[in-house]
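Close look at the chain arrangement
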Amino acid sequence: MFGRCGLIERVLGVRLATTALFMVFASTSTHAANFTPLGVLSGGSRAADVSDDGAVVVGSSGLIGGAAPLGAFRWEAGVMTDLGTLPGSANAIASGVSADGSVVVGSNLNSVLINGATNYSPTHGFVWADGSMSPLSALPLPGYKSSAASISADSSVVVGRTSCSYSYCGSGFPSATIWTSDDPYPYVLGADSSAYGV
């Protein structure tokens, strides 16, 4: 296991609203792409990550702003599994999967109707493994929320962000955050930032 300093250097963090990354994949006649429909839990579906061997896909299903809630899913061998939600939440999205496909991370969301449109905000990041969803720990103060964006290949490190809605939290902007399997509390990298990959 590497130390926190080495870990910080390995985390890809992007300041909010400063950089957008786009990837384009080209198909040639010798390397034709194969597309497999994943199906839906409700509404539509959106893939977010895939295991190293391509056998497991994770993402969310549902229509943003639709009547049915957003559901986090794990797809394998043609079967889309609803990962459920943590108590008190009706919406969840999956955003990352370990290299072997056995561990999934994501966020539970609250939905709020603003000017006729449904808006979502993360409440708790989660780790799903062996059929069970567990919350990522937040900072040990009331008002902190968390969201998970990615997980390391060996599932020992999760990255995402934490934020706080109370005045004692400072700016209230999200902070890039690291969770490790050997520490019960998250490590906050800095204000007004998010971590998207590890």
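Preceding block: the structure.
Being a predicted model, the structure only gives us computed values, none of them experimental.

Cut-offs and rules
Here, residues in each chain are numbered from 1, in the same order as that chain's written sequence. In keeping with the predicted nature of the model, local features appear solely for residues at pLDDT of at least 70, side-chain atom pairs appear and are counted solely at 80 or more, and the whole-chain, interface and lining totals rest on all residues. Note that the side-chain values use all heavy atoms of the structure and ignore hydrogens as well as water. In short, DSSP must find at least two bridges between two strands for them to pair. Numbered from the N terminus, helices here are DSSP runs of H or I no shorter than four residues, and strands are runs of E no shorter than two. Angular values range over 0 to 180 degrees, each being the angle between N-to-C directions of two axes fitted as lines to C-alpha atoms, with helices fitted over their stretch in contact. We call a residue buried when its accessible area falls under 20% of the maximum for its residue type, exposed when it is over 50%, and partly exposed in between, using a 1.4 Å probe and counting protein chains only. Contacts were defined at the residue level, with two residues in contact if any of their heavy atoms lie within 4.5 Å. Put simply, a nonpolar core is a bunch of buried Ala, Val, Leu, Ile, Met, Phe, Trp, Tyr and Cys residues held in one set by side-chain atoms that sit within 4.5 Å of each other. Should a side-chain nitrogen of Lys or Arg be within 4 Å of a carboxyl oxygen of Asp or Glu, the pair is scored as a salt bridge.

**Some words on the sheet that holds strand S12 (residues 175–180)**
Backbone hydrogen bonds hold the strands of a sheet together, and the pairing may be parallel or antiparallel. With antiparallel pairing, the 4 strands of this open sheet are ordered in space as S10-S11-S12-S13. Bordering the open sheet on either side are strand S10 (144–151) and strand S13 (187–191), each of which pairs with just one other strand. Between one strand axis and the next, the sheet turns by 25° as a mean value, whatever way the strands run. Sheet analysis places S10 next to strand S11 (residues 157–164), joined by 7 bridges and oriented antiparallel.

**Some words on the side chain of Ser89**
Within the secondary structure, Ser89 is located in the loop between strand S5 (79–82) and strand S6 (91–97). Classification of Ser89 by relative accessible area gives buried; the value is 13%. Those residues in contact with Ser89, other than ones at most four positions away along the chain, are Asn108 and Leu109.

**Remarks on the nonpolar core**
Val56, Val58, Ala72, Leu83, Leu86, Ala92, Ala94, Val97, Val104, Phe126, Trp128 and Met133 form the largest nonpolar core, which has 12 residues in total. Of all the elements in the fold, those that place two or more residues in this core are strand S3 (56–61), S6 and strand S8 (117–129). Sort the elements by how many residues they give to this core and S6 lands first, with 3 residues. Ala94 has contacts with Ala48, Val58, Gly59, Ala72, Phe73, Leu83, Val104, Val105, Gly106 and Phe126, leaving out every residue within four places of it along the chain.

**A closer look at unusual backbone geometry**
Unusually for a residue other than glycine, Ala77 sits at a positive phi of about 50°. Checked against the element boundaries, Ala77 lands in the loop between strand S4 (71–76) and S5. A positive phi angle, near 65°, is found at Ser155, a position not held by glycine. Structurally, the position occupied by Ser155 is in the loop between S10 and S11.

**Brief notes about the pattern of salt bridges**
Tallied over the full model, the rule gives 1 salt bridge. Across the pair Glu76 and Arg74 runs a salt bridge, and its minimum N-O distance is 2.9 Å. A relative accessible area of 34% places Glu76 in the partly exposed class. On the accessibility criterion, Arg74 (14% relative accessible area) is buried.

**A short note on the environment of Ser175**
You can see Ser175 is positioned in strand S12. Through-space distance from the C-alpha of Ser175 to that of Ser193 is 4.9 Å; in sequence the pair is 18 residues apart. The residues touching Ser175, leaving out its near neighbours within four places in the chain, are Gly160, Arg161, Thr162, Val188, Gly190, Ala191 and Ser193.

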